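Structural characterization, general
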Amino acid sequence: MTLKSQLPHSAKPLAFILYADKTKLSSFGTAKGYPVVARLANLPTHIRNSQGMGGSYIVGWLPVVKEDKAHAGLLAWANFKATVWHKSFERILSSLAAKSNTGQWLECLDVVQRWFFPLILILSSDFEEQSTMVLTHGVRALWPCPICLVPHDKLSDMSHCYPRRTSHESQAILATARERETAEEQEEVLKEYGLRDVQNSFLTVSSTDVHRALSWDKLHFHSGGLWSDHLWVELQKCINGLRREKTSQVDKSYEAFPCWRDQKHPNQVMNISFTNNSTHEDISKMIVYATHNILTEADCPLGYLLLRCVRLYLELNMYASLEVHTTETISSGRHTHLAFAALLRQYINKTVESEKNWNFPKLHMSSHIFDDVEAKGATQNYNTKPNEKMHGSLKDSYFLRTNFRDVAEQILRINTWQVAADHIRHCLFEFDDHQRQLDEEDFIATVVDRPISTCNYLHVKLGSKQPPLTFDAIQMAHQADQAFSNFRVKLNDFLNVLLPSSSIPLPEGKHIHL
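The paragraphs below set out a description of the structure included in this document. Treat the numbers as computed from the prediction; the structure is a model and nothing was measured. (Residues numbered from 1 in each chain as written. Predicted model: local features only at pLDDT ≥ 70, side-chain atom pairs only at ≥ 80, totals over all residues. Heavy atoms only, no water.)

1. Details of the pattern of salt bridges
Inspection of the entire model under this criterion finds 20 salt bridges. A salt bridge links Glu67 to Lys81, with the shortest nitrogen-to-oxygen separation between them at 2.8 Å. Of this pair, Glu67 sits in the loop between strand 5 (57–61) and helix 2 (75–100) while Lys81 is found in helix 2, placing the two residues 14 residues apart along the sequence. A salt bridge links Glu409 to Arg413; its shortest N-O distance comes to 3.6 Å. With Glu409 and Arg413 both in helix 16 (residues 407–449) and 4 residues apart, this pair spans about one turn of that helix. Residue Glu409 is classed as exposed on the basis of its relative accessible area, which comes to 56%. Within the structure, one salt-bridge network assembled from shared partners comprises Arg164, Arg334, Asp371 and Glu374. (Salt bridge = Lys/Arg side-chain N within 4 Å of Asp/Glu carboxyl O. Helix = DSSP H or I, 4+ residues; strand = E, 2+ residues; numbered from the N terminus. Buried < 20%, exposed > 50% of the residue type's maximum accessible area, 1.4 Å probe, protein only.)

2. Quick notes on the sheet that holds strand 6 (residues 104–107)
The sheet built from 5 strands is open, its strands ordered 5-4-1-7-6 with mixed pairing. Sheet topology places strand 5 and strand 6 at the edges, where each strand pairs with a single neighbour. The sheet shows a mean angle of 45 degrees between the axes of neighbouring strands, direction not considered. (Pairing = 2+ DSSP bridges. Axes fitted to C-alpha atoms, helices over the stretch in contact; angles between N-to-C directions.)

3. Examining helix 5 (residues 183–191)
Where helix 5 is concerned, the buried positions are Gln186, Glu187, Val189 and Leu190. Looking straight down helix 5, one finds that the buried residues subtend no more than 155 degrees of arc, so they occupy a single side. Packed against the buried residues of helix 5 are helix 2 and helix 4 (167–178). (Arc of directions from axis to C-beta. Contact = heavy atoms within 4.5 Å.)

Now the structure itself:
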């Protein structure tokens, strides 16, 4: 059933994309922020993924519950933090929830009244926030995936499909658990599905299924997960296991790599263990070129097998990054995913005694890439990268404009000023464009009505639109303005400086004296 079919006849969906993620405002991580960013899914991608008019807006700021060592690891404490999150988010959603059942008539720019029903179409976030949004127990749950019911010990087996979660079923499970008499019995029911005993705030918005709104994210699940914490770590081990000159050769290959548009140029990559996800993405794009003659099948069979996995990972990443999809690209992407899953399974079986645990959710989440593409379009629609860019301005506001105490209210006030300034600037640009268009239309109309011989100078107008005024009249009209005091003298001085500096000779070579 599509979202459109759930709405009344002639009604239109007003679909929102919401992003939420904690960020460190200070270098030491002592000050944290938790912004909630909204985008309008109805708009074209190049407008929606921008900043400013039509782009992203901060619509809320969630509280960050300080960790208490006395309660750390306890189920009640984890449920308390989840309750705080959802109660706070419910306040943010309240304006949408009120209109999601009845809709609201709005006049669009084409002066047509339309009946809009707001809903949450996409939730863009990291795995930690996704677990909080759907109220699962996260990586340690028996069923850790927030989208489907895959067992925790089958996360590395990506060749199977598992039943999808739905908000309706999760709510029914919660209702069944709350009918049990004791807390232990309630938790036993919820444990079978990896859910928490907390009411989900997204249920207040009609036509919104939180499990289906969650999406695979390339930045956190691939670059900042499967690659940075697993494939890259394993590759470094294989290369470092060879001779020292092989390690040095990799760094030299990265240094010699030609510059490319929108591509960072990392050096000394073999010493990199921690960096941002964007840099990890750039490292992965060059790794095959830098190591194909080092991790050979003869010198390092296991490293060669891993490099083959990386090549398929990059191919899968390429299909996932496409901005336009067809039936063929989706089919090829699914085929590449299955090939990558099979080859990675071979590598895992050969390293069964390794300490590396390959049963982690971010690996499994790639199974949902092309399901999301078919349901919500290209991954650029729900990529967290455009939203992560907003953290920079928040950090700047924290360092430059706050007193470092109770910073949330100060940062949001500054953000409100910035939004207002952007709106004013946009209105001025729109007015200028409109005025320019009117002038061009007037000119064209004048040219059409006049003979050709007079068309060369029709756009030139001599003189001023205002009548001539004496200096005394100007000073009398602006008596209260100190800037017009001794106006004649000030104008003389101004012209005597302006004309020579503009390479315009003074009249008769003498200073102007009006």
